[in-house]
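Remarks on the overall topology
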Amino acid sequence: MSLCNIRLQQERKQWRQSHPYGFYAKPIKDKDGSLNLTVWTAGIPGKPGTKWEEGIYPIRLEFPLEYPSKPPKVQFPKNFYHPNVYPSGTICLSILNEDQDWRPAITLKQIVLGIQELLDTPNPDSPAQEDAWKSFTKDRATYDLKVRQQAKRYPKQQ
Amino acid sequence: MSESEYLPSKLSLPTYVPLQRTLVKEYESLFQLRTTQNLLQQQKKQITEHCDNYINFVLDNDKLDFDENILTNCLNTFENLVESNNEIEKLKSIQDHPDIKKFASREENDCKLETLDSFHNITNDQFPDIIKQKHTDALVQADFDFHKFLKNVLFVIKKPEDQLIEEEEDDGLAISGGKVSLKDPLTLDYYREPYKSLKCNHIFEKSSILANLRPNQIKQCPIEACDSSLSINDLVLDKLMVIRIRSFKRMERKDDADIEAVV
């Protein structure tokens, strides 16, 4: 079995044993009903006490064959409203970038916690979309409103 | 003048008393150390090999447990040999001390009534401090490493998941209580062949670090925020981790058996 596969099975095992409160993460099922460990869906709850707290935001993680040498590609839905998320939904985060801070020992748990942290503490120095970035830097009232509206679209109770 | 007629001015014993002629030989023979030290060295080597063989034998035979007594005996024997060797090193350095050389080479008369006065005139030489000091720096690096390894083995066979208690930290505080992960950070599965980086002490499963690191390649350590750059040459088998895994699995199996016995 490949290193990628062993690691993903262990990630799944560890996640099932314990994971941070309010999160979910699971591999998708292929058409024939079998688990596809290389693509996962997960939910990132907004941190309590922030304007993101009402929502749980879905992400999709695609693990390349070279994982864990290379990081997974992680995406929110298209047009997700956040200064560091590209219009395609791809998240701009240093720990998810092979040329920056990705290390093979970073676990799924660390990734999802990192993304949760990013939600309310965007990095204004690496804009990935114009809409949210402009509001965040120039018109904070509009930004806050749009974030709260978006939270209602991804309510915690499913 | 007969002996009985002569009386020295002081009849008390002089502060300096010469070595009796018959004892001189014995005194010198004490310094015939080479043979003894060779023997000690051989024994030290033997016990080290014996211990290594024992550990490897147990690791190779899945049904065996480590015997604490055997390992403790090895450790004690080794410590005694080191102690003896230290004593010899100490004797050697005493022998080479200039003050001691002066003592040993002094041509003297026997201490008799006739010569007593002259002995009183000899100023009492001070024994050099070297005699009182404990000689400790004879432990060579290899001995030091073996001793530490053996102590660590004795620790991990009882507590395979616990962090070693570091003897002296810089601030003098002993650190303890932490747990050690027995899982490869790359596969998140238990180690089978754990290899340790000599640069940063991070441990990886052989197959997974080799998949990450090609020969002649130098890459950042896979652990987040670690600044070391690793090549294959920086990796060595971590025997202590092998023993941890082995003891952990044995304990787990024993626990399972106990539960079955109760049920």
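Anything mentioned here points back to the structure above.
None of the values given here were measured: they were computed from a predicted structure.

Check the secondary structure of chain A and you find four helices and four strands. Mapped from its N terminus to its C terminus, chain A presents α and β elements in the order α-β-β-β-β-α-α-α. The C-alpha radius of gyration computed for chain A amounts to 16 Å, which stays within 12% of the reference 15 Å derived for 158 residues, consistent with globular compactness. Overall, the C-alpha framework of chain A stretches about 50 × 35 × 30 Å when taken along its three principal axes. Residues classed as buried in chain A amount to 46% of the 158 residues present. The long-range fraction of contacts in chain A, counting pairs at least 24 apart against all pairs at least 6 apart in sequence, stands at 55%. Accessible surface computed for chain A: about 8,500 Å², of which carbon and sulfur atoms make up 49%. The average position of the 23 basic charges and that of the 17 acidic charges among the side chains of chain A differ by 5 Å.

Enumeration according to the criterion identifies 14 aromatic pairs over all chains in this entry. Judged by centre distance (4.0 Å) and plane angle (5°), the ring pair of Phe76(A) and Phe80(A) falls under stacked. The exposure class assigned to Phe80(A) is buried, which follows from its relative accessible area of 1%. When the ring of Tyr54(B) is compared with that of Phe66(B), the centres are 6.3 Å apart and the planes differ by 70°; the resulting orientation is edge-to-face.

Bringing helix α6 (residues 141–156) of chain B into the picture now. Over its 16 residues, α6(B) extends 22 Å from the first C-alpha to the last, a length consistent with the 22 Å expected when each residue adds 1.5 Å. When α6(B) is considered as a whole, its buried residues turn out to be Asp143(B), Phe146(B), His147(B), Phe149(B), Leu150(B), Asn152(B), Val153(B), Leu154(B), Phe155(B) and Val156(B).

Take a negative patch on the surface next. Residues and elements named next belong to chain B. A cluster of acidic residues, Glu 161, Glu 252, Asp 255, Asp 256, Asp 258 and Glu 260, forms a negative patch on the protein surface. On the secondary structure map, Asp 255 appears in helix α8 (residues 239–262). Asp 255 gets classed as partly exposed once you look at its relative accessible area, which sits at 47%.

Criteria and cut-off values
- Residues numbered from 1 in each chain as written.
- Chains lettered and ligands numbered in written order.
- Predicted model: local features only at pLDDT ≥ 70, side-chain atom pairs only at ≥ 80, totals over all residues.
- Heavy atoms only, no water.
- Helix = DSSP H or I, 4+ residues; strand = E, 2+ residues; numbered from the N terminus.
- Rg over C-alpha atoms; globule rule 2.2 N^0.38 Å.
- Buried < 20%, exposed > 50% of the residue type's maximum accessible area, 1.4 Å probe, protein only.
- Contact = heavy atoms within 4.5 Å.
- Areas by Shrake-Rupley, 256 points an atom, 1.4 Å probe, with all protein chains shown as cover.
- Lys, Arg positive; Asp, Glu negative; His and termini not counted.
- Charge placed at Lys NZ, Arg CZ, Asp CG, Glu CD.
- Phe/Tyr/Trp six-rings, centres within 6.5 Å; stacked < 30°, edge-to-face > 60°.
- Expected span 1.5 Å × (residues − 1).
- Patch = residues over 30% accessible without salt bridge, like charges linked within 9 Å, V, L, I, M, F, W, Y side chains within 5 Å.
- Salt bridge = Lys/Arg side-chain N within 4 Å of Asp/Glu carboxyl O.

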